[in-house]
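Fold and contact review
So the chains spell out like this:
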Amino acid sequence: MSRIDFFLALLIVVCFYSAIRGGQPEKRAVVIFIVGIALTFVAPSSSAHRFTHPEVGILIVDLVILSAFVMLALCAERFWTIWICSMQVIQVLSHIPIILIPELIPQAYYILTAIWVYPMLIVLTIGTYRHQQRLQRYGVDRSWSAYST
């Protein structure tokens, strides 16, 4: 199984679980992940020059994803959204090394820009699981902050 196949399998399992068992914030995070990852697959430069210079398209997608997660964190009554925002900030900042060190190995740049999605998916899974625990314990789990309306 290649790393792309592993990632897509993990993405499908986590998104399916969160879409079925999660509350509204978890379901919105699933949409953000799916749209963001779809855009990331089409955003890189041509294959001959991929990750040899700053990937502006991926950086723009990462910034859009960050803004979507920040909006979700500001409105949702969930702690995990803050963790995902912080990981996405690191994801955005991972584009800086190639700007500062143009001779950076393309594989290192690729890993820097791709690695944070794995812990983000794990955090979404944990958030969905905790949502289910709160539903079982209290019968209700408020999705949105009172300040978000």
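Note that the coordinates shown come from a computational prediction; the quantities given were computed from them, not determined experimentally. (Residues numbered from 1 in each chain as written. Predicted model: local features only at pLDDT ≥ 70, side-chain atom pairs only at ≥ 80, totals over all residues. Heavy atoms only, no water.)

Description of the overall build of the protein chain
Quick reminder of the rule: In this description a helix means any DSSP run of H or I spanning at least four residues, a strand means any run of E spanning at least two, and both kinds are numbered starting from the N terminus. Summary of the burial criterion: residues with accessible area below 20% of their type's maximum are buried, those above 50% are exposed, and those between are partly exposed, where the area comes from a 1.4 Å probe applied to protein chains only. Note on definitions: a residue-residue contact is assigned when non-hydrogen atoms from the two residues lie within 4.5 Å. Accessible surface is estimated by sampling points in the Shrake-Rupley manner with a 1.4 Å probe; for residues, cover comes only from the protein chains shown.
Scanning the protein chain for helices and strands turns up seven helices and zero strands. Scanning the protein chain from its N terminus toward the C terminus, one meets helices and strands in the order α-α-α-α-α-α-α. A principal-axis box enclosing the C-alpha atoms of the protein chain has dimensions of 55 × 35 × 20 Å. For the protein chain, with 149 residues in total, the buried portion stands at 37%. Restricting the contact set of the protein chain to residue pairs at least 6 apart, pairs at least 24 apart contribute 70%. By element, 72% of the accessible surface of the protein chain is carried by carbon and sulfur atoms, the whole surface being about 8,700 Å².

Quick look at the packing of helix H1 (residues 3-21) against helix H7 (residues 117-138)
Let me state the cut-off plainly: With axes taken as lines fitted to C-alpha atoms, and helix axes fitted only over the stretch in contact, angles between N-to-C directions fall between 0 and 180 degrees. Oblique is the label for any angle not covered by the other classes, which are roughly parallel (under 35 degrees), roughly antiparallel (over 145) and roughly perpendicular (65 to 115). Left-handed describes a crossing whose near helix is turned anticlockwise from the far helix by less than a right angle; the clockwise case is right-handed. Asp, Glu, Lys and Arg are counted as charged, while Ala, Val, Leu, Ile, Met, Phe, Trp, Tyr, Cys and Pro are counted as nonpolar; the rest, among them Gly, fall into the polar class.
Running from amino to carboxyl end, H1 crosses H7 at an angle of 20°, the nearest separation of the two axes being 10 Å. Of the possible angle classes, the one that applies to H1 and H7 is roughly parallel. Here H1 and H7 pass one another in a crossing that is left-handed. Between H1 and H7, the contacting residues are Arg 3, Phe 6, Phe 7, Leu 10, Leu 11, Val 14, Tyr 17, Ser 18 and Arg 21 on the first element and Val 117, Tyr 118, Leu 121, Leu 124, Thr 125, Thr 128, Tyr 129, His 131 and Gln 132 on the second. Partitioning the contact of H1 with H7 into residue classes produces 11 nonpolar, five polar and two charged.

Structural notes on the nonpolar core
Applied cut-off: We define the nonpolar core as a collection of buried residues of types Ala, Val, Leu, Ile, Met, Phe, Trp, Tyr and Cys that are connected through side-chain atoms lying within 4.5 Å of one another.
Judged by nonpolar contacts, the single largest core of 30 residues is most densely connected at Phe 33, Phe 69, Ile 84 and Leu 124. Taken together, the elements giving at least two residues each to this core come down to H1, helix H2 (24-42), helix H3 (56-75), helix H4 (80-93) and H7. Here this core takes six residues from H3, the largest share from any one element. Sequence-distant contacts of Leu 124, that is, excluding residues within four places in its chain, are made with Val 14, Ser 18, Glu 26, Ala 29, Val 30, Phe 33, Trp 80 and Ile 84.

Some remarks on the side chain of Ser 143
Position of Ser 143 among the secondary structure elements: in the segment after H7. Overall, Ser 143 belongs to the buried group, its relative accessible area being 13%. Apart from the residues within four sequence positions on either side, Ser 143 is in contact with Gln 24, Pro 25, Cys 75, Ala 76, Glu 77 and Arg 78.

Re H7
The condition is simple: A helix is expected to reach a length of 1.5 Å times the quantity of its residues less one.
Its 22 residues give H7 an end-to-end C-alpha distance of 31 Å, which sits within 8% of 32 Å, the value for a rise of 1.5 Å per residue. Taken as a whole, H7 has its buried residues at Val 117, Met 120, Leu 121, Val 123, Leu 124, Gly 127, Thr 128, His 131 and Gln 132. Backbone geometry just after H7 places Gly 139 at a positive phi near 85°.

Brief notes about the environment of Cys 15
Looking at the secondary structure, you find Cys 15 in helix H1. Overall, the relative accessible area of 7% leaves Cys 15 in the buried class. Distance from Cys 15 to Thr 125, taken between C-alpha atoms, is 8.4 Å for residues 110 residues apart in sequence. Beyond its immediate chain neighbours, meaning those up to four positions away, Cys 15 contacts Val 30, Phe 33 and Ile 34.

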